[in-house]
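The primary structure of each chain is shown beneath.
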Amino acid sequence: MSIKVSSVSKFYKSQKALDSVSFSADKGQVIGFLGPNGAGKSTMMKILTGFIKPNAGEVFVDEIDVLQNPLEAQKIIGYLPEHNPLYEEMFVREYLQFQASIFKVDKSQVDDCIVQVGLTSEAHKKIHQLSKGYQQRVGIAAAILHNPKVLILDEPTTGLDPNQLEEIRAIIKELGKDKTVLFSTHIMQEVEAVC
């Protein structure tokens, strides 16, 4: 199993965000995490990535215990948070080269990721000049730079126009061919279209 979650619960003071959640996912699967806003989707994703700890339960990514070894797990996880944190004054290629240096990835990987997510025509622009759809592509490119086994995308299609939506869906499906992809949404059609 690429992802294995067993009986995970999370509380924020008296607010129960997750109540004994269990699921698993294998390589080559695109799994949709569906629920209304406030259902705990982002909380679960932050637990999977090791950014927050649950109150109870176990989380394994590629057999690594995320709660005991979050840094090891993060090496094989690509993560796009709901609010894509980009340095908007940087050029696309410059930003991705910066991210590559953080991951200690060869800079040639940047060009491969630019092509893979369809950013070739936009790579010379500053990020703030891009549409939301292209900014999402930059975030996805940054998430896959280190060739992670598991890709976690938190609401990657929110606010996109119909054309951008189709293009991002296609990218997610393609990435799901050789990675485990978990993406969250509150829209049933997204799950039907991508999973």
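Residues numbered from 1 in each chain as written. Predicted model: local features only at pLDDT ≥ 70, side-chain atom pairs only at ≥ 80, totals over all residues. Heavy atoms only, no water.

## Quick word on helix H3 (residues 92-103)
Line of reasoning, step 1. In this model H3 runs 17 Å from its N-terminal to its C-terminal C-alpha over twelve residues, within 8% of the 16 Å that 1.5 Å per residue would give.
Line of reasoning, step 2. When we look at burial in H3, the residues that qualify are Val 92, Tyr 95, Leu 96, Gln 99 and Ala 100. One face of H3 carries all of its buried residues, which in axial projection span an arc of 140°.
Line of reasoning, step 3. Contact partners of the buried residues in H3: helix H4 (108-116) and helix H5 (132-144).
Line of reasoning, step 4. Following H3 by one or two positions, Lys 104 adopts a phi angle in the positive range, close to 60°. (Helix = DSSP H or I, 4+ residues; strand = E, 2+ residues; numbered from the N terminus. Expected span 1.5 Å × (residues − 1). Buried < 20%, exposed > 50% of the residue type's maximum accessible area, 1.4 Å probe, protein only. Arc of directions from axis to C-beta. Contact = heavy atoms within 4.5 Å.)

## Some details on the packing of aromatic side chains
Line of reasoning, step 1. By the definition in use, this model includes four aromatic pairs.
Line of reasoning, step 2. With 5.4 Å between their ring centres and 45° between their planes, Phe 23 and Phe 33 make a pair best called tilted. Remark: Phe 33 occurs in strand E3 (residues 30-34) and Phe 23 occurs in strand E2 (residues 15-25); sequence separation between them is ten residues.
Line of reasoning, step 3. A relative accessible area of 18% places Phe 23 in the buried class.
Line of reasoning, step 4. Classification of Phe 33 by relative accessible area gives buried; the value is 16%.
Line of reasoning, step 5. Here Tyr 87 and Phe 98 contribute two aromatic rings whose centre-to-centre distance is 5.9 Å and whose plane-to-plane angle is 70°, an arrangement assigned as edge-to-face. Of this pair, Tyr 87 sits in the loop between strand E6 (77-80) and H3 while Phe 98 sits in helix H3, placing them eleven residues apart in sequence.
Line of reasoning, step 6. Taken together, the ring pairs connect Tyr 87, Tyr 95 and Phe 98 into an aromatic cluster.
Line of reasoning, step 7. The ring of Tyr 12 has Lys 10 sitting right over it, with the charged end atom 5.3 Å from the ring centre. (Phe/Tyr/Trp six-rings, centres within 6.5 Å; stacked < 30°, edge-to-face > 60°. Lys NZ or Arg CZ within 6 Å of the ring centre and 35° of its normal.)

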